[in-house]
Amino acid sequence: MSNNNLKVALIQHSNSDNINDNFEKTVTGIKEAAKQGAQLVVLQELHRSLYFCQTEDTELFDLAETIPGPSTNKLGELANALNVVIVASLFEKRATGLYHNTAVVIESDGSIAGKYRKMHIPDDPGFYEKFYFTPGDLGFEPIQTSVGKLGVLVCWDQWFPEGARLMAMAGAELLIYPTAIGWDPRDDDDEQVRQRDAWMIAQRAHAVSNGVPVISVNRVGHESDPSSQSEGIQFWGNSFVAGPQGELLVHGSEDQEEILVVDIDQNRSESVRRIWPYLRDRRIDHYQDLCKIYRD
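Residues numbered from 1 in each chain as written. Predicted model: local features only at pLDDT ≥ 70, side-chain atom pairs only at ≥ 80, totals over all residues. Heavy atoms only, no water.

A.B. asks: In this structure, what is going on with the packing of aromatic side chains? I would like to understand it.
C.D. replies: This structure, assessed with the given rule, holds 20 aromatic pairs. Their ring planes at 65° and their centres at 6.1 Å tell us that Phe52 and Phe133 sit as a pair that is edge-to-face. One end of the pair, Phe52, is in the loop between strand 2 (40–43) and helix 2 (70–82); the other, Phe133, is in the loop between strand 7 (127–128) and strand 8 (143–145), and 81 residues separate them in sequence. Both residues of the pair, Phe52 and Phe133, count as buried. With a centroid separation of 5.3 Å and 90° between ring planes, the pair formed by Phe91 and Phe133 is classed as edge-to-face. (Phe/Tyr/Trp six-rings, centres within 6.5 Å; stacked < 30°, edge-to-face > 60°. Helix = DSSP H or I, 4+ residues; strand = E, 2+ residues; numbered from the N terminus. Buried < 20%, exposed > 50% of the residue type's maximum accessible area, 1.4 Å probe, protein only.)

A.B. asks: Help me understand helix 1 (residues 19–35), please; the structure alone is not making it clear to me.
C.D. replies: Each α-helix winds once per 3.6 residues, and so residues spaced three or four apart point in a common direction. Taking 1.5 Å per residue as the helical rise, helix 1 with its 17 residues ought to reach 24 Å, and the 24 Å between its terminal C-alpha atoms agrees with that figure. Those residues of helix 1 hidden inside the fold are in contact with strand 1 (5–12), strand 2, helix 2, strand 3 (85–95) and strand 17 (258–265). Near the N-terminus of helix 1, the side chain that reaches the backbone nitrogen of Asn20, with its oxygen 3.1 Å away, is that of Asn18. Trailing helix 1 by a residue or two, Gly37 shows a phi angle of about 95°, which is positive. (Expected span 1.5 Å × (residues − 1). Contact = heavy atoms within 4.5 Å. Polar contact = N/O pair within 3.5 Å; in protein donor to acceptor, adjacent residues only side chain to side chain.)

A.B. asks: I tried to follow the nonpolar core on my own but got confused; where do I start?
C.D. replies: As a rule of thumb, soluble globular proteins bury nonpolar side chains together. In terms of nonpolar packing, the biggest core is built from 42 residues, with Leu40, Leu150, Leu175, Ile176 and Ile215 touching the most fellow members. Counting residues per element, this core draws most heavily on strand 10 (residues 174–178), which supplies 4 residues. Discounting residues that sit within four places of it in the chain, Leu175 has contacts with Gly151, Leu153, Ala164, Met167, His206, Asn210, Val212, Pro213, Val214 and Ile215. (Core = buried A, V, L, I, M, F, W, Y, C linked by side-chain atoms within 4.5 Å.)

It is worth stressing that arrangement in space is one thing and function is another; only the former is reported here.
Written as structure tokens, this is what we have:
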């Protein structure tokens, strides 16, 4: 990375069933972030719409779009006008009947620097993503931009140390997780705290074990279940940036729409990795069984 400090913005907001309103909220956030000097702006997962995976409904495939397409065109114009790099999470229509949960990186000149298709696809009550998304086929490849080499992953990927490690091994200077995660309102307070803490701990651990900053952006607000089989999802916000020792550099609220802007010292990873050289001490000659599902 060329400069010592990188100013990063995280756009945390609620969503409605009005896609145009959601997109305007996102655009307003990007403009405000740029006004505050942000060079890199990260948006939450599937920021254009409600989190539609609470139910399985074929009509919801209408939300998907091509890449390049309408959103990347608009965001590209915005990135070029504001001179910012944008990480945007979109429902990608690759072909008829073939869709991905895709994060696309828009360079500051408006061009597409690259994209990442979500690799780990959940299928849990309220998160029926396997119905909508084909697992990614682009692998864990960082995307080179004017602000550094970005290891972009998406939501469920954040629980798997393998993806973070492979990104770091390919030279990623930042790990970035657009996210949509929340509570089942029926869970008690203690369970909710445990889930949120586990989410933060897991990602802060990726920062520590790879010696790189982690950026995680989540939405806020309650979104009801269209099938009425559950009480919907209360998205827990808590967007944050952790430094290469897992230290919190900025931490968002649980329920407020926010633009979080923070400086990341790009030289810290170098000094931290000299003190804690995990990559040096990895015993790759004894890790073959990691390619098995389980050691029976």
